[in-house]
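Listed below, chain by chain, are the residues.
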Amino acid sequence: MSTTTTPGVAKNPAPAEVSKARPRRGVKANSTFNFWLFTGPFLIGLVIFVFVPIGWSIYLSFFEARFTVTPSDFVGFDNYKQILTDTDFRNSLVTFTVFAAFIVPATWALSLGLALLVNRLRFMRAFFRSVFFLPTAVSYVAAALIWKMSIFNGVRFGLMNTIIGWFGIDNVAWLANPDPPWYWLVIVTVRLWLQSGFYMILFLAALQNIPRELYEAASLDGAKPGWQTFRHITLPQLRATSTAVILLLLIAAYQAFDEFFNLLPKATWGQPPLVELYKMALGENQNYGAGSAGAVVLTMLICVVSLLQGKIMGFGRGEESK
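Residues numbered from 1 in each chain as written. Predicted model: local features only at pLDDT ≥ 70, side-chain atom pairs only at ≥ 80, totals over all residues. Heavy atoms only, no water.

Novice: Tell me what's going on with the packing of helix H3 (residues 87-120) against helix H9 (residues 227-237), and back it up with residues and numbers.
Specialist: At their nearest, the axes of H3 and H9 sit 14 Å apart, and the two run at 100° to each other. Overall, the two elements H3 and H9 adopt an arrangement that is roughly perpendicular. In this structure, H3 contributes Trp108, Leu112 and Leu116 to the contact, and H9 contributes Phe230, Thr234 and Leu235. (Axes fitted to C-alpha atoms, helices over the stretch in contact; angles between N-to-C directions. Helix = DSSP H or I, 4+ residues; strand = E, 2+ residues; numbered from the N terminus. Parallel < 35°, antiparallel > 145°, perpendicular 65-115°, else oblique. Contact = heavy atoms within 4.5 Å.)

Here's what the structure looks like:
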């Protein structure tokens, strides 16, 4: 049977076959698999090395655990009573509350000052940023030994004694004498040197995110550059960063251990809570139950102080409620 076509009328083309898209197979197509592939090892490490030890410490704090980590004698809150009535541990908490009240604002001010100076540089900014940040890569143990053996070693050849000797001041036993407590100067300076660079980077990033239009508007309104712009523009814009920095500094202050343990290994003054817990849990008695109870108490204290600080600073508060 032949087909005829009408002149002037185009023949309707046959509809093109729609190719069905094949479902993507393989590793690239499965985003969920990719997520667990990359985060799984870190989550496993977090569970094994963080969550399990925390849970086991809480468990041990309710048992009589001397020379063993698998106790069977349940003692309830006796370990907490023991740790809270321990004079050395309570004194260490009070001492380091005062230490935190000093080192936190000092580090905050120094870090912010360094960030403001670096931010104002027109050249070699990356160089100075790296110089100030470099101490962050130094371990606390190495820095403590440098401070102890070279800078504040207490002999006349030490750096600090050499400097004060230029002004006719006698040598000072910086770490050997608790009265006056010159050892606090050693500990505070090494901690400032180690911490300031990291928090300077945080402040520097926040400073670079402040819109320049705010300063231009303030200049048009008659605000003088310097203290006025810093107080009314720069500092309010750094509120969130300051809150985070102070929170991190508070936690780090109560967790101080390395520099104290290496600077004052035999001293009985100014010891941080972690050193007291170290001596209790890993000392002669090896009382893991009381040591674990102390760790829980210290953790709760850090949480309470952090929450109070966040409440005062308005952490997590919306812009409309500020």
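Next comes the rest of the account.
Novice: Outline the packing of aromatic side chains, supporting the account with residue identities and numerical values.
Specialist: For the structure on display, the rule yields 21 aromatic pairs. Consider the rings of Trp174 and Trp182, whose centres lie 5.6 Å apart with planes at 80°: the pair is edge-to-face. For Trp174, a relative accessible area of 4% gives the class buried. Classification of Trp182 as partly exposed rests on a relative accessible area of 37%. Three or more aromatic residues joined by ring pairs make a cluster, and in this case those are Phe96, Phe99, Tyr183, Trp184 and Phe260. (Phe/Tyr/Trp six-rings, centres within 6.5 Å; stacked < 30°, edge-to-face > 60°. Buried < 20%, exposed > 50% of the residue type's maximum accessible area, 1.4 Å probe, protein only.)

Novice: Please set out the pattern of salt bridges residue by residue, giving values where relevant.
Specialist: Side-chain pairs of opposite charge can arise where the charged atoms are in close proximity. Under the defined criterion, the tally for this structure stands at two salt bridges. Glu64 is paired through a salt bridge with Arg66; the nearest N and O atoms lie 2.8 Å apart. Judged by relative accessible area, which is 30%, Glu64 ranks as partly exposed. For Arg66, a relative accessible area of 37% translates into the label partly exposed. Here Glu259 makes a salt bridge to Arg191, at a shortest N to O gap of 2.7 Å. Highlighted residues: Glu259 in helix H11 (residues 258-263) and Arg191 in helix H7 (residues 183-208), separated in sequence by 68 residues. Judged on exposure class, the residue Glu259 and its partner Arg191 are both buried. (Salt bridge = Lys/Arg side-chain N within 4 Å of Asp/Glu carboxyl O.)

Novice: Got a sec to walk through the side chain of Ser61? Specific residues and values, please.
Specialist: By the secondary structure assignment, Ser61 is in the loop between helix H1 (31-60) and helix H2 (78-84). By relative accessible area, Ser61 is classed as buried at 0%. Engagement of the side chain of Ser61 in a polar contact is seen with the backbone oxygen of Ile58, the distance being 2.5 Å. Non-local contacts of Ser61, meaning those with residues more than four positions away in its chain, are made with Gly76, Asn79, Tyr80, Gly289, Ser292 and Ala293. (Polar contact = N/O pair within 3.5 Å; in protein donor to acceptor, adjacent residues only side chain to side chain.)

Function cannot be inferred from these measures alone, as they are strictly geometric.
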